[in-house]
Amino acid sequence: MSREPTNFFTPQRKQALEDLTGRLSSEELMILNTVGEKSARELWPMARYLKINQPAKLADIAHGSAFLDAMRLFIEPEEFRGCFLPESAGGLGISIPVYMAGLEMIAQGNGSVALSLLIDGSVLNSIYQLGDNQQVQRYVIDALQNQQMTAFAQTEPGHGSDVPNLETRARLNGDYYVISGTKNWITNGGWADYYFVVLRTNPDKSLGSNGLSIIVVHKDEISDINLIHKVTVP
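Numbering of residues starts from 1 in every chain and runs along the sequence as written. For this predicted model, a pLDDT threshold of at least 70 governs which residues receive local features, and a threshold of 80 or more governs which side-chain atom pairs are given and counted, while totals over whole chains, interfaces and linings are taken from all residues. The basis for every side-chain value is the complete set of non-hydrogen atoms in the structure, without hydrogens or water.

### Here we look at the overall build of the chain
Applicable threshold: Under the DSSP-based scheme used, a helix requires at least four consecutive residues in state H or I and a strand at least two consecutive residues in state E, with every element numbered from the N terminus. Working definition: with a 1.4 Å probe on protein chains only, accessible area under 20% of the residue-type maximum means buried, over 50% means exposed, and in between means partly exposed. Only heavy atoms matter for contacts: two residues are in contact if any of them lie within 4.5 Å across the pair. Each accessible area is a Shrake-Rupley estimate made with a 1.4 Å probe; only the visible protein chains count as cover when residues are assessed.
Of the regular secondary structure elements, the chain holds seven helices and five strands. Residues classed as buried in the chain amount to 41% of the 234 residues present. The contacts in the chain between residues at least 6 apart in sequence include a share of 67% that link residues at least 24 apart. With an accessible surface of roughly 12,800 Å², the chain has 49% of that area assigned to carbon and sulfur atoms.

In structure tokens:
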């Protein structure tokens with residue numbers, strides 16, 4: 001019987017990172033050791049046990065209480081979530097290669113948790129890079145501090161990566177946009193607090209991507225949410 005892993009941050013992984021980025025800082029080493037230990041000791045045994053002994057409960061890893069408990073291991077303030085952002089935005093200034101190595105280790109323990117954090121990180125980084133000061137404060141700094149998760153809503157029932165032909169629309173009504181359409185297969189959908197929604201603000205489809213915009217939608221502004229259970233395991 002193979003021995004249970006205690007830390008996915010192996011000497012080989014450390015060496016590969018240093019070959020790529022140079023000597024790792026003490027803070028980067030601390031984060032990678034923490035992530036490696038949590039994934040190996042808490043995520044991996046949970047997924048392995050259910051896969052072997054209770055396969056009918058695997059959906060809990062993706063959407064149930066077990067998944068949310070797993071997410072909490074990494075979204076506490078000053079843990080792993082958003083660590084690639086600068087300190088001024090609530091992060092730790094960790095390099096992208098180090099962040100990706102952390103995600104890789106999390107995926108060894110639970111692919112769903114890693115994907116959830118990856119999508120959330122993409123949204124946080126996009127708002128930080130493209131948003132104004134008020135948006136960065138609310139949807140990045142405050143979201144990290146208050147553990148409010150984000151989701152990226154692009155895919156539709158008839159359009160996945162076919163972005164120029166998306167049909168969800170936003171119509172300006174006074175000072176507000178009225179959004180109509182359906183999105184599906186949204187990672188973090190149903191429990192995220194904020195949704196980064198790709199939609200059409202110009203009805204002329206001949207404009208392709210030039211007629212699209214992105215609007216941040218709050219969870220309580222969505223008319224209907226249905227969970228689709230998806231499962232990923234090590």
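### Brief notes about the nonpolar core
Defined as follows: Put simply, a nonpolar core is a bunch of buried Ala, Val, Leu, Ile, Met, Phe, Trp, Tyr and Cys residues held in one set by side-chain atoms that sit within 4.5 Å of each other.
Residues L32, F74, F80, I106, V113 and L117 are the most contacted members of the largest nonpolar core, which totals 43 residues. Elements supplying a minimum of two residues to this core: α2 (26-53), α4 (65-75), α5 (96-109), α6 (111-130), α7 (133-145) and β4 (194-200). If we skip the residues at most four places from it in the chain, I106 touches V35, S39, L43, F74, F80, V113, A114 and L117. Among the nonpolar cores identified, the runner-up in size contains ten residues, and A153, A170, Y195 and V217 belong to it.

### Quick word on the packing of aromatic side chains
Rules: Stacked, edge-to-face and tilted are the three classes for Phe, Tyr and Trp ring pairs, Trp counted by its six-membered ring, which pair at centre distances within 6.5 Å; planes under 30 degrees apart are stacked, over 60 edge-to-face, the rest tilted.
Enumeration over the complete set of coordinates arrives at four aromatic pairs. Residues F80 and Y99 carry aromatic rings whose centres are separated by 5.1 Å and whose planes lie at 15 degrees to one another, so their mutual orientation is stacked. With F80 in the loop between α4 and α5 and Y99 in helix α5, the pair connects residues that are 19 residues apart, well separated along the chain. A centroid spacing of 6.1 Å and a plane angle of 45 degrees characterise the contact between F152 and F196, whose relative ring orientation is tilted. Residue F152 is located in strand β1 (residues 150-153), and its partner F196 is located in strand β4; the two are separated by 44 residues in the primary sequence. Classification of F152 by relative accessible area gives partly exposed; the value is 30%. Classification of F196 as buried rests on a relative accessible area of 10%. What links up through ring pairs into an aromatic cluster is the set F80, F84 and Y99.

### Some remarks on the side chain of Q154
Turning to its location among the elements, Q154 is positioned in the loop between β1 and β2 (169-173). Taking relative accessible area as the criterion, Q154 reaches 19% and is therefore assigned buried. Setting aside its immediate chain neighbours within four residues, Q154 contacts G160, S161, V163, L166, K183, I186 and V198.

### Side note on α7
Stated precisely, the cut-off is as follows: In this description, one arc is meant: the one made by directions from the helix axis to the C-beta atoms.
V136, Y139, V140, A143 and L144 are the residues of α7 that are buried. End-on, the buried residues of α7 take up no more than an arc of 110 degrees, which puts them together on one face. For α7, the exposed residues lying more than 90 degrees away from the buried face are N133, Q134 and Q145. Packed against the buried residues of α7 are α6, β4 and β5 (212-218). Looking one or two places after α7, you find Q147, whose phi comes out positive at around 55 degrees.

### As for unusual backbone geometry
Unlike most non-glycine residues, W185 shows phi in positive territory, near 55 degrees. Its location among the elements puts W185 in the loop between β3 (176-180) and β4. Not every positive phi belongs to a glycine, and N188 is a case in point at roughly 75 degrees. Note that N188 resides in the loop between β3 and β4. For N188, a relative accessible area of 5% translates into the label buried.

### Quick word on the packing of helix α1 (residues 11-21) against α5
Quick reminder of the rule: A fitted line through C-alpha atoms serves as each axis, taken over the contacting stretch for helices, and the angle formed by two N-to-C directions is quoted from 0 to 180°. To sort the angles, those under 35 degrees are grouped as roughly parallel, those over 145 as roughly antiparallel, those from 65 to 115 as roughly perpendicular, and the leftovers as oblique. Each crossing gets its handedness from the near helix: less than a right angle anticlockwise from the far helix is left-handed, clockwise is right-handed. Note that Gly is not counted as nonpolar here; it falls among the polar residues with everything else outside the nonpolar set of Ala, Val, Leu, Ile, Met, Phe, Trp, Tyr, Cys and Pro and the charged set of Asp, Glu, Lys and Arg.
Orientation of α1 relative to α5, taken along the N-to-C sense of each, is 155 degrees, at an axis distance of 10 Å. Judged by the angle between their axes, α1 and α5 are roughly antiparallel. The two elements α1 and α5 cross, and the hand of that crossing is right-handed. Seen from α1, the contacting residues are R13, L17, L20 and T21; seen from α5, they are P97, V98, A101, E104, M105 and Q108. For the contact of α1 with α5, the residue count by class is six nonpolar, two polar and two charged.

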